[in-house]
Every structure is written in C-alpha cells, then in structure tokens.
Amino acid sequence: MAAPVIEFQDFSFRYKSQNEDTLKHINLVINKGEKVLILGPSGSGKSTLANCINGLIPFSYPGEITGSCKVAGIETQEANLFTLSNHVGTVQQDSDAQFIGLSVGEDIAFSLENDCVPRSEMLGKVEEAAHTVDMDGFLEELPYDLSGGQKQKVALGGVLHNDVEILLFDEPLAALDPAMGMTAVDLIDRIYREKNKTVLIIEHRLEDVLYRHVDRIILINDGQIALDTNPDDLLRSNVLKDMGIREPLYISALKNAGCVFGPEYRLADLDEPDISLYRENLVRHFEEQKPSLKNEVPSGEELLNVDHVTFSYGDFTALKNISFRVKKGERISVIGKNGAGKSTMAKLLCGIIRPDEGTVTFRGVNCVQYSIRELGQKIGYVMQNPNQMLVKDMIRDEIQLAMKLNKFPEETIEKNAEEVLKMTDLYPMRNWPISVLSYGQRKRVTIASILSLRPEIVIVDEPTAGQDYKHYTEIMNFLEKLNREYGITILFITHDMHLAIEYTDRSIVFSDGELLADDYVFRVLSDKKVIEKANLKNTSLVLLAEKAGIDPELFIHAFIDEERRNRAHG
Amino acid sequence: MDKRLFINTKPGNTFLDKLTGKTKVRTFLILIFLLIATWDFRLILPLFFLGLFALLSLHPDPKKMWGVTIFIILMNLFNLLLLWLVSPDYGRNLCGESTVLFRLSEFYIVTAETLWYFLVRFTKFVATFLISMTFIQSITPSEMSAGLHSIKIPYKICTIVSIAFRYIPDITRDFNNIKISMQARGMELDPKKTKLGERLKQNVLILAPLVITSFDRVGNISNAMDLRGFGKKKDRTYYSEHEDTKGDKIMLPVYLAFLALFLVIVFMNIFHPSAYEVWCPWIG
C-alpha cells in the first residue's frame with residue numbers, strides 16, 4: 001500500500017573538491033504522501049541529501065556517487081535535472097535570489113515558460129498557483145516590494161505546476177521572522193493536505209516546524225542517518241542536545257521540572273498533550289525556583305539617550321517619536337518584524353542617518369556633533385552578513401584596517417590588534433587567510449575588527465541568522481563573554497525569540513516605526529498584545545504556563561534564571 | 001531606498017505601452033537602422049517628428065527627461081563645433097559644392113553646405129535619441145527579452161537582459177550596505193575631506209566584498225533557474241508577451257513599410273550611389 005517515492009540504497013556521495021564522503025552509506029525510504037522533516041546541524045549533509053533528491057547533485061555539483069538513489073522510480077544518475085524537476089519541486093533557502101521574474105506573475109510562470117506552455121494556458125495556471133499560495137491579487141507586484149515570506153510563497157507557487165509529487169523545502173524558515181515562519185509552516189501543511197504531496201522539509205529549527213504535524217523526523221549527523229523516528233520519540237530522547245540541535249523550549253522546561261516521559265506522552269503537539277500528566281511536577285518545580293519579581297533599574301552610567309527621535313525617508317516615516325536609554329553593560333534585544341524600524345534605528349545610532357526631530361546623545365554629548373567616523377569609535381555596528389564586511393585577505397590586516405582608516409598611531413594599532421585578537425580567541429589564527437574561515441569564524445573576525453576601535457556599545461545585526469544551534473551557541477557565548485568580562489554594552493537586532501530569552505535582559509520592541517515596548521525580556525515576551533502587534537510569536541513557554549495555571553511572566557522568568565544557572569555551571 | 005531605475009517595470013496605458021515586446025523591439029530596430037542608413041533630410045525630418053510625437057505620447061515625467069535631453073543636445077552642438085574647428089569646409093566633401101556665406105579668416109569660413117550638413121546631422125542624432133528614449137520608456141525588461149527572442153536571438157541571451165535588470169537593484173543595495181559598514185569603520189568618503197585618488201582606492205576596497213556576495217548570489221540564481229527547467233527546450237514562451245492587440249495589427253504594416261524603405265535605401269546606396277552622400281536642396 002505504501003508506495004516508495006524516494007529510495008536511497010547504500011548511497012554515498014563525495015564532492016569533486018573534497019577527500020571525504022559528505023554522505024555515507026545512506027539507506028532511506030520515503031513513501032508517497034509522507035511529511036518528513038530532515039533535521040541536522042550545519043555541515044551534517046542534510047542539504048547535500050536534498051540536492052541529491054532534486055538532481056542538483058550530480059548535475060550542478062559534480063562528484064562521485066556510489067549506491068543508488070531513486071526518485072519517483074527514476075535512478076537520478078541516469079536521468080537529468082529537467083526530468084527530475086517534473087517530479088520534485090524545490091523551494092530554496094534564499095528567497096530573494098530564487099525570485100527570477102520581474103513580477104510575481106512572471107516568477108510563478110517561469111517554469112511554464114521554459115516548458116513552452118502557450119501564454120493563454122499559462123495565465124490560468126499562474127492564477128491557480130497564486131491562489132493556492134494566497135498570493136492572488138499580487139500578480140503585478142515587483143520583487144522589491146515583497147517581504148521575505150511573500151517571496152517564499154511565490155517560490156512555492158512557482159513549483160506547484162505539473163503536479164510534482166514531491167515538494168522539497170531547503171531551510172524555508174531561515175530568512176523569516178517568527179510570525180512569517182508560522183505562516184510558512186501552516187501553508188506547507190495546508191498544501192500537503194489539500195494536494196496530496198509528499199513533503200520534505202530540511203531545517204534545524206525543530207520547534208518552529210513542529211508547529212504543524214510531521215509524520216517522521218530523520219536526523220542526519222556527520223553524513224549518516226543518526227535517527228529515523230517519529231517526533232514524539234525524538235523529543236522523549238536526549239539526542240538533540242548532543243547533536244547540536246535546539247530542543248523546543250517547552251520540552252526543556254518540562255525536563256527541567258524533572259518530568260519523565262512515558263510512551264503514552266504525546267510531546268510533539270503542545271495543543272494536544274494532557275497537561276495533567278505533568279502539571280504537578282511543573283508547579284512544584286516552579287514553586288522551588290520562584291523568582292522574586294525584579295523591579296530594580298539597572299545601575300551603571302548612562303551611555304546613550306535617544307530622546308523623542310523621528311526620522312522619515314521622504315514621505316515614509318520610519319521612526320516615530322522614539323525614546324529610550326542605554327546604560328553601560330546592558331544586553332538589550334531590539335526586536336520587531338522586518339521593516340519595523342530596527343535597522344533604521346541602528347543606522348541612526350551609527351550616525352549614517354540623522355534624526356529629523358529629537359536628539360541622540362552619547363555620554364551627554366549630542367551625536368550631531370560627531371561624524372560617522374567619530375561615532376564609529378563609540379558605537380560599533382556589526383552587519384548581518386560577514387561577507388559584506390570583510391575586505392582584506394588576512395585576519396590581522398582586517399582587524400587593523402579600521403584603526404588604519406582612523407589613523408591611529410602605529411604602536412596603538414599593534415597593541416590594540418593583539419588585545420582584540422586575544423579577546424576574541426583569534427590570536428592563534430592571526431596570520432590565517434580569511435578565505436579558509438567558516439561562516440562563524442568570519443563573523444567573529446568582523447566583531448573583532450569593530451572591537452579594535454574600542455567602542456563602548458556594539459550593535460550586532462542578526463548575530464545568529466542562518467546558523468545552527470551549535471554555532472549559534474558559540475557566537476552568543478562569545479558575545480556574552482565580551483559583555484561579562486569587558487563590560488561592553490551590546491544591542492542585538494534580532495527576530496529570534498530564543499536569543500532574546502537566553503542572552504538579553506531587556507527588550508525594545510518596534511512595530512511600524514513606533515516603540516511598542518521597552519521592558520524586561522520575560523515581561524515583554526509574556527505580553528500577548530505586544531507579541532501580536534510586533535509580528536512575533538508566542539513562545540511555547542507561555543502556552544505551557546497557561547496550561548499549568550502558572551503566571552506566564554514569572555514562569556518565563558524562572559525558566560530564564562534556571563537556564564542561565566545551568567549554562568554557567570555546565 | 002532608490003529601488004527604481006530609469007526604466008519601467010510595469011507597462012503603462014498608452015498606445016505604445018500596450019504593444020507587444022515583439023512589435024516594440026522590431027519597430028525600434030528598423031527605425032534605428034533606417035536612421036543610420038540615410039542622410040536624406042526629407043526622411044530624417046519626418047522621423048524626427050515621429051520620434052518627438054511618440055515620446056510625448058508616453059507622457060514621460062519631464063523631470064526625468066530634461067537632464068538627458070539637454071545633455072544630448074549640448075554634446076551634439078559641442079561635437080559640431082569641434083568638427084567646424086577642424087574642417088570648416090566639411091560640407092564640400094558631402095554635398096559637392098561650397099557656397100561661402102562669410103569669412104572669419106583665410107581658413108575659417110562659414111559655408112551654406114557645412115551648415116546644411118550640420119543641421120541634417122543634428123536632426124539625425126536627436127531623432128535617434130528620441131526614438132531610443134521612446135523605446136526605453138515604453139518597454140519593460142521582460143518585454144525586451146521576449147521581443148529580442150522574436151527576432152530569433154537565442155533565449156538564453158535574451159534572459160540575461162531581464163535577469164540583469166532584476167538583480168541590479170539588489171546589487172545596489174548590497175553596495176550601499178557595504179559602504180555604510182566601511183564608513184562606520186572609519187572610511188571617509190566625503191568628497192570635501194578626501195582626495196579623489198584616495199576615494200577611488202577606498203571604493204575599490206568596497207568592491208571586494210561586493211564581488212564575493214554577488215558570486216554567492218549568482219550560484220543561487222543559477223540553481224533556482226535549473227531547478228525550474230531553464231534550458232530544457234529549444235524554445236520558450238513568455239508570460240509577459242501578451243497576444244497581439246489592435247495596436248500590434250496596425251503597427252505590423254507600418255514597420256514592414258519602414259523595413260521595405262530601409263532595404264530600398266541600402267539597395268540604392270550599393271548599386272546606384274549618388275555622387276555625394278548628403279542630399280542638399282539647392283544642389284539636387
């Protein structure tokens with residue numbers, strides 16, 4: 001009855017430029033109509049596996065294949081990319097680069113155009129696909145006016161033609177803010193149900209994918225299948241943390257409370273499980289941990305005072321009457337959906353743009369007096385994509401560059417560079433070329449190059465975008481260390497709620513150019529109105545607390561405290 | 001914030017806007033070839049008015065137009081001035097006679113033929129400019145690519161055109177981001193504070209990360225195209241290329257007539273060349 005659509009038999013693959021197999025002896029059968037999550041840390045081979053299914057391997061990425069991989073009964077090595085694309089529709093990670101058309105309609109039509117479908121037939125099909133992905137009415141829109149989530153919908157619409165049997169999503173959530181991510185997971189689920197497709201999702205954001213039911217989870221590690229099981233069993237086990245994948249927060253909270261999960265527990269779906277099984281544990285644990293409700297104002301001298309600032313791009317008001325203060329040594333998360341004003345705020349603090357109304361003062365001095373360059377020595381800005389920042393070949397040169405541009409004296413340059421290299425644990429690598437570094441290491445180099453100017457505040461834009469939990473933890477622990485040991489004030493621009501919970505004390509929330517909230521993280525994240533308005537997502541902790549009858553704010557607070565204690569000890 | 005280029009991405013509502021890419025590209029190319037082939041004012045003048053009328057029919061934004069128009073006119077006048085300075089009796093070679101109107105010196109004379117030639121040349125260049133502007137203002141990159149394909153240019157080349165327009169704004173955005181981060185690190189790009197040489201050197205520094213990020217993008221784009229079957233068949237259809245409208249049916253005989261005229265002119269130039277290149281009313 002179950003008909004296999006994807007069959008790997010003792011399949012190994014090695015990229016042409018590499019010495020070692022990236023996939024090792026994979027045996028895997030996926031049946032028609034299954035919804036499967038392929039989970040694994042970066043570099044585990046999960047994207048390689050996806051590319052073997054859609055045919056990019058071996059047609060675009062040559063290499064050596066042993067064993068067999070059959071997709072819809074076709075041996076991929078003997079077919080070609082185009083035959084496979086009739087069976088497999090792929091939605092890639094980079095929603096911007098895969099938008100090829102100059103309008104939504106054109107992009108959805110792209111594969112039809114290549115198939116020589118006459119235009120009269122095309123129109124109907126494009127409309128139908130647009131309707132399926134909720135993009136009707138947008139056919140004339142340009143890519144530049146769409147959000148990441150909308151572009152992804154279009155990408156999905158573009159591969160729905162020809163009745164492809166398999167839909168393959170390669171890290172679909174990577175570029176989306178929490179609410180968009182939820183919509184995407186929802187949409188994938190709806191299409192899965194309505195169209196009877198086989199769906200494969202490659203992701204490392206487990207909790208977000210589990211927002212909707214999946215049948216099976218395949219855990220890939222080091223090129224091999226580490227686990228092939230159902231979501232409940234996976235969550236029950238303790239393998240996730242070892243593999244560098246983040247456990248859903250509510251599972252961590254339950255485990256912290258000492259809950260032992262028997263086979264009757266349905267863990268994957270938070271809406272469903274019978275909370276009575278662990279309410280007792282949770283409440284008892286919470287009473288033990290119960291935090292005293294903090295209300296003290298952080299001490300420390302005031303560094304930054306943003307006072308009634310308004311800024312517009314032409315007719316568009318990007319920031320409306322914003323006021324907040326930053327004190328030395330604080331860790332603040334600046335959150336809000338894309339386009340809410342976070343990046344504009346960062347540019348304003350760096351002096352790249354200047355307020356139309358209101359003032360920004362640094363240590364009591366109005367920043368208007370400083371040039372961008374002078375401000376750069378007080379407030380550093382680390383961009384999201386390190387590749388957009390690195391200009392030199394060698395790590396040491398990169399770190400010295402900013403100081404040279406600022407015409408520091410030679411001996412200061414040497415001294416600062418050495419210190420920064422040691423602070424950032426890059427000292428042993430100081431003479432390495434940048435080209436051999438991993439993404440995470442590059443990120444560290446960019447942070448180091450900013451630190452070399454000795455700023456008191458560092459603004460880090462999406463420090464963890466596109467990285468798995470292991471690398472994420474590495475970078476965040478590193479930033480935490482900078483904050484703790486060197487007293488550097490850090491502002492994180494992010495839409496990752498986990499980051500805000502785990503690594504910051506205070507949250508500033510933007511929505512449509514307005515400051516929506518400025519308070520302790522646990523208070524902001526348990527405030528439903530704020531969450532909804534800012535296009536954020538309720539954390540599962542809130543749901544769990546509500547079900548157990550505990551005050552969400554205090555519950556999150558206790559959870560944060562406990563996790564931080566655990567991290568400090570372990 | 002500067003997302004739009006000089007070109008259009010959505011077709012407008014005028015007669016010319018509504019034509020198919022096929023008609024737009026064909027008409028444009030034929031008119032341009034015709035203008036290149038002829039020095040006959042009797043043909044150039046009507047083409048000049050045709051171009052002017054066509055451009056105005058698009059109701060272009062005058063603010064966008066003025067800068068380019070003035071630039072083109074000044075460049076042409078400057079060009080003519082230089083020509084006159086180098087050889088004041090230029091008209092003799094082209095028209096066959098030389099009627100001196102007045103003399104500034106032994107060498108610098110003003111002749112009727114040279115002035116006539118300059119008038120023809122100026123009108124010809126401005127007409128070319130008007131027709132090109134009309135073309136650029138009325139076509140979208142997708143229609144251009146469809147139109148080029150309709151004259152049997154391989155679609156892979158046509159697609160490069162539309163892809164380039166698609167990603168130029170993205171690359172501009174990347175460039176601006178990189179520039180901002182470099183400025184915050186202390187790069188001084190203010191023209192008042194930095195010398196030109198230094199500024200050029202610093203802009204080169206910005207290019208390195210730009211090239212690397214663009215390469216990443218190219219890889220992703222080409223995968224996305226492959227996965228949706230680009231290059232699968234020998235031919236391709238176009239979503240943006242709508243069915244022929246009434247306008248296209250009117251334009252078909254028009255551009256065919258121009259094509260015939262072009263062929264006649266080429267034929268005449270080759271087999272019955274007139275003694276002098278430029279037709280002059282008083283010489284005949």
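Residues numbered from 1 in each chain as written. Chains lettered and ligands numbered in written order. Predicted model: local features only at pLDDT ≥ 70, side-chain atom pairs only at ≥ 80, totals over all residues.

Caption draft 1: Quick look at the packing of helix 4 (residues 104–114) of chain A against helix 5 (residues 119–132) of chain A. All names here are of chain A. It is at 9 Å that the axes of helix 4 and helix 5 come closest, and there the two elements cross at 120°. As judged from the angle between their axes, helix 4 and helix 5 are oblique. The handedness of the crossing between helix 4 and helix 5 comes out as right-handed. Packed against helix 4, whose contacting residues are G105, I108, A109 and L112, the element helix 5 presents M122, K125, V126, A129 and A130 at the interface. Here the contact of helix 4 with helix 5 is composed, by residue class, of 7 nonpolar, 1 polar and 1 charged. (Axes fitted to C-alpha atoms, helices over the stretch in contact; angles between N-to-C directions. Helix = DSSP H or I, 4+ residues; strand = E, 2+ residues; numbered from the N terminus. Parallel < 35°, antiparallel > 145°, perpendicular 65-115°, else oblique. Left-handed = near helix turned anticlockwise from the far one by under 90°. Contact = placed C-beta atoms within 7 Å. Nonpolar A, V, L, I, M, F, W, Y, C, P; charged D, E, K, R; others polar.)

Caption draft 2: Layout of the confidence of the model for chain B. Residues of chain B with pLDDT of at least 70 account for 98%, and the chain-wide mean is 88. Scored by ipTM, the complex comes to 0.84, with pTM at 0.85. (pLDDT = per-residue confidence, 0-100.)

Caption draft 3: Spotlight on the interface of chain A and chain B. The partner chain B presents 51 residues to the 53 residues of chain A that form the contact. Secondary-structure elements contributing two or more residues to the side of chain A that touches chain B are helix 3 (81–85), helix 4, helix 5, helix 13 (342–350), helix 14 (372–376) and helix 15 (395–405) of chain A.

Caption draft 4: Representation of the pairing of strand 6 (residues 88–91) of chain A in the model. Residue and element names in this part refer to chain A. Neither face of strand 6 is exposed, since V88 and T90 on one face and G89 and V91 on the opposite face are all buried. Pairing geometry for strand 6 and strand 7 (residues 166–170), over 4 bridges, is parallel. Residue pairing for strand 7: G89 is matched across the bridge by L167. (Buried ≥ 20, exposed ≤ 12 C-beta atoms within 10 Å, placed from the backbone. Pairing = 2+ DSSP bridges.)

Caption draft 5: Representation of helix 5 of chain A within the structure. Residues and elements named next belong to chain A. Between the first and last C-alpha of helix 5 there are 20 Å, a value that for 14 residues agrees with the 20 Å anticipated at 1.5 Å per step. Every buried residue of helix 5 is listed here: M122, V126, A129 and A130. Looking straight down helix 5, one finds that the buried residues subtend no more than 100° of arc, so they occupy a single side. In helix 5, the exposed residues that point more than 90 degrees away from the buried face are S120, E121, G124 and H131. Directly beyond the C-terminal end of helix 5, a positive phi value near 60° is found at D134. (Expected span 1.5 Å × (residues − 1). Arc of directions from axis to C-beta.)

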